[in-house]
Amino acid sequence: MKVTTIGFDADDTLWHNERFFVLTQERFAGILADFTDRDHLETRLLEAEKRNIRHYGYGVKGFTLSMIETAIEVTEARVPASTIQQILEFGQEMLRHPIELLPHAREAVEAMSASHRRVFLITKGDLLDQERKLTESALRDFFDRVEIVSEKTPDIYARIFRDHGDGPEHAMMVGNSMKSDILPAIAAGAWGVHVPFDLAWSLEAADPPVGNDRYHSLNDLGELHDFVNQLD
């Protein structure tokens, strides 16, 4: 077979994630409405998130700390302790939120597992939170390997597909993020299959590699099985 290893992204590929960040950001704007307008707050928060990735990594905990930092900045250190407490509670609620699988997610993972291919979960973010979400998803048993990494780079993909598969040339990465799931996987020599999601974090935006033979886009995960079979 041309493709012997399938890598799946997790957040917003297999289950909902970004919408909880969007909802929390709206609540964040609400409790700071007396100090600054929404557009300014969103700009400052995005700057804090981008700046803090190298310190806190990806995920809810880094997002929560960035909200606290932004609240201190936009209020010139006048933010009440009660507001800081509210922000912490927002983050804790996100960490407790039940997992909601996206359409066709279970069927796609199960079909790839049944096709005698190696099936990996390759995701980035907070270790404890990603492990919790995977457990609650009831998909863990379908994966031959789970990799929770701090960043997704060509070197990371090449290592995973080389050390635990038949090399990147026989591997495929499936995900919603052009920047993290598709471009670095293709750069490593693998296939990159984009499954768009209607919400996207701006820091994950990137142009698609149009014209690259190893790039493909699907409408949803329900199309994955037939596409992979076409490559065999």
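Residues numbered from 1 in each chain as written. Predicted model: local features only at pLDDT ≥ 70, side-chain atom pairs only at ≥ 80, totals over all residues. Heavy atoms only, no water.

Chemist: Explain the overall build of the chain residue by residue, including any values.
Modeler: Within the chain, the secondary structure is distributed over nine helices and six strands. Taking 17 Å as the expected radius of gyration for a compact globule of 232 residues, we find that the chain reaches 19 Å, a close match to that expectation. Projected onto its principal axes, the C-alpha positions of the chain cover 60 × 35 × 30 Å. Expressed as a percentage of the 232 residues in the chain, the buried residues total 49%. Across the chain, every contact between residues at least 6 apart in sequence was considered, and the portion connecting residues at least 24 apart equals 71%. Carbon and sulfur atoms make up 50% of the accessible area of the chain, which amounts to about 11,200 Å² in all. One finds the centroid of the 24 positive side-chain charges in the chain at a distance of 4 Å from the centroid of its 40 negative side-chain charges. (Helix = DSSP H or I, 4+ residues; strand = E, 2+ residues; numbered from the N terminus. Rg over C-alpha atoms; globule rule 2.2 N^0.38 Å. Buried < 20%, exposed > 50% of the residue type's maximum accessible area, 1.4 Å probe, protein only. Contact = heavy atoms within 4.5 Å. Areas by Shrake-Rupley, 256 points an atom, 1.4 Å probe, with all protein chains shown as cover. Lys, Arg positive; Asp, Glu negative; His and termini not counted. Charge placed at Lys NZ, Arg CZ, Asp CG, Glu CD.)

Chemist: Quick rundown of the environment of Leu224? Include the residues and the values.
Modeler: Looking at where Leu224 falls in the secondary structure, it is placed in helix α9 (residues 224–231). Accessibility expressed as a relative area gives 0% for Leu224, which makes it buried. Contacts of Leu224, omitting those with residues within four sequence positions, involve Phe8, Ala108, Met112, Met172, Val174, Val193 and Leu218.

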